[in-house]
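Chain by chain, the residues run as shown.
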Amino acid sequence: QVQLVESGGGLVQAGGSLRLSCAASGRTFSSYAMGWFRQAPGKEREFVAAISGRGGTPAYVDSVKGRFTISRDNAKNTVYLQMNSLKPEDTAVYYCAVDQFYPRIVTGSVDYWGQGTQVTVSS
């Protein structure tokens, strides 16, 4: 059974940093695309970042470019999201996502979702 378990969320002041982790289990995901989405209260879930199985050039939503960095460790079946210079508008539940196809993951139509981790940025 496939499981994605996120960790690393929490409360941080504006300008601070957090590192999210998502550990996948149940199969090997080295060839899968992995990514992050977020959902703020009252808003739809939105794409944040994604990285292909080969670790090629990642994709980011414009609002996080230059502040967030996605990376992966295929030996650990884990994807990370380093978040720097956090802003109050980054407050959301962050979800890990895994999909067979990199072009598809950015659409939100993914094979597997994590349960989410809360990130709260205070002003």
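Residues numbered from 1 in each chain as written. Predicted model: local features only at pLDDT ≥ 70, side-chain atom pairs only at ≥ 80, totals over all residues. Heavy atoms only, no water.

Description of the state of the cysteines
Two cysteines form a disulfide when their sulfur atoms are joined by a covalent bond.
Now for step 1: A full pass over the atoms with the stated rule returns one disulfide.
Now for step 2: Disulfide pairing places Cys 22 opposite Cys 96 at an S-S distance of 2.1 Å. With the S-S bond torsion at -80°, the cross-link from Cys 22 to Cys 96 turns out left-handed. In this pair, Cys 22 is assigned in strand E3 (residues 18-25) and Cys 96 in strand E9 (residues 92-99), connecting sequence segments 74 residues apart. Assigned by exposure class, Cys 22 and Cys 96 land together as buried. (Disulfide = S-S within 2.5 Å. Helix = DSSP H or I, 4+ residues; strand = E, 2+ residues; numbered from the N terminus. Buried < 20%, exposed > 50% of the residue type's maximum accessible area, 1.4 Å probe, protein only.)

Overview of the sheet that holds strand E1 (residues 3-7)
Now for step 1: Pairing within the open sheet is antiparallel, and its four strands lie in the order E1-E3-E8-E7. What marks the edges here is a single partner per strand, and that holds for E1 and strand E7 (68-73). On average, each strand axis in the sheet is inclined to that of its neighbour by 15°, with strand direction left out of account. (Pairing = 2+ DSSP bridges. Axes fitted to C-alpha atoms, helices over the stretch in contact; angles between N-to-C directions.)

Description of the packing of aromatic side chains
Now for step 1: One pass over the structure, following the stated rule, counts five aromatic pairs.
Now for step 2: Centre to centre, the rings of Phe 37 and Phe 47 are 5.6 Å apart; their planes meet at 75°, and the pair counts as edge-to-face. A residue pair is termed long-range when its members are at least 10 positions apart, and Phe 37 in strand E4 (residues 33-39) and Phe 47 in strand E5 (residues 46-51) qualify at 10 residues.
Now for step 3: A relative accessible area of 3% means that Phe 37 is categorised as buried.
Now for step 4: Residue classification places Phe 47 among the buried positions, given a relative accessible area of 15%.
Now for step 5: The side chain of Arg 19 reaches across the aromatic face of Tyr 80, ending 4.0 Å from its centre. (Phe/Tyr/Trp six-rings, centres within 6.5 Å; stacked < 30°, edge-to-face > 60°. Lys NZ or Arg CZ within 6 Å of the ring centre and 35° of its normal.)

A short note on the pairing of E3
Now for step 1: Strand direction decides the pairing type here: E1 and E3, joined by five bridges, are antiparallel. Counterpart to Gln 3 in the pairing with E3 is Ser 25.

Observations regarding the nonpolar core
Now for step 1: Core analysis: the largest hydrophobic core is formed by 28 residues, its most contacted members being Trp 36, Leu 81, Met 83 and Tyr 94.
Now for step 2: Of all the secondary-structure elements, those providing two or more residues to this core are E3, E4, E5, E7, strand E8 (78-83), E9 and strand E11 (117-122).
Now for step 3: Setting aside its immediate chain neighbours within four residues, Met 83 contacts Gly 16, Ser 17, Leu 18, Leu 20, Arg 67, Phe 68, Tyr 94 and Val 119.
Now for step 4: By size, the runner-up hydrophobic cluster in this structure holds seven residues, among which are Phe 47, Ala 97, Ile 105 and Val 110. (Core = buried A, V, L, I, M, F, W, Y, C linked by side-chain atoms within 4.5 Å. Contact = heavy atoms within 4.5 Å.)

Quick look at unusual backbone geometry
Now for step 1: Of note, Asn 77 is a non-glycine position whose phi angle comes to about 55°, a positive value.
Now for step 2: Relative to the helices and strands, Asn 77 is located in the loop between E7 and E8.
Now for step 3: A positive phi angle, near 50°, is found at Ser 85, a position not held by glycine.
Now for step 4: In this structure, Ser 85 sits in the loop between E8 and E9.

In short, geometric facts, not functional conclusions.
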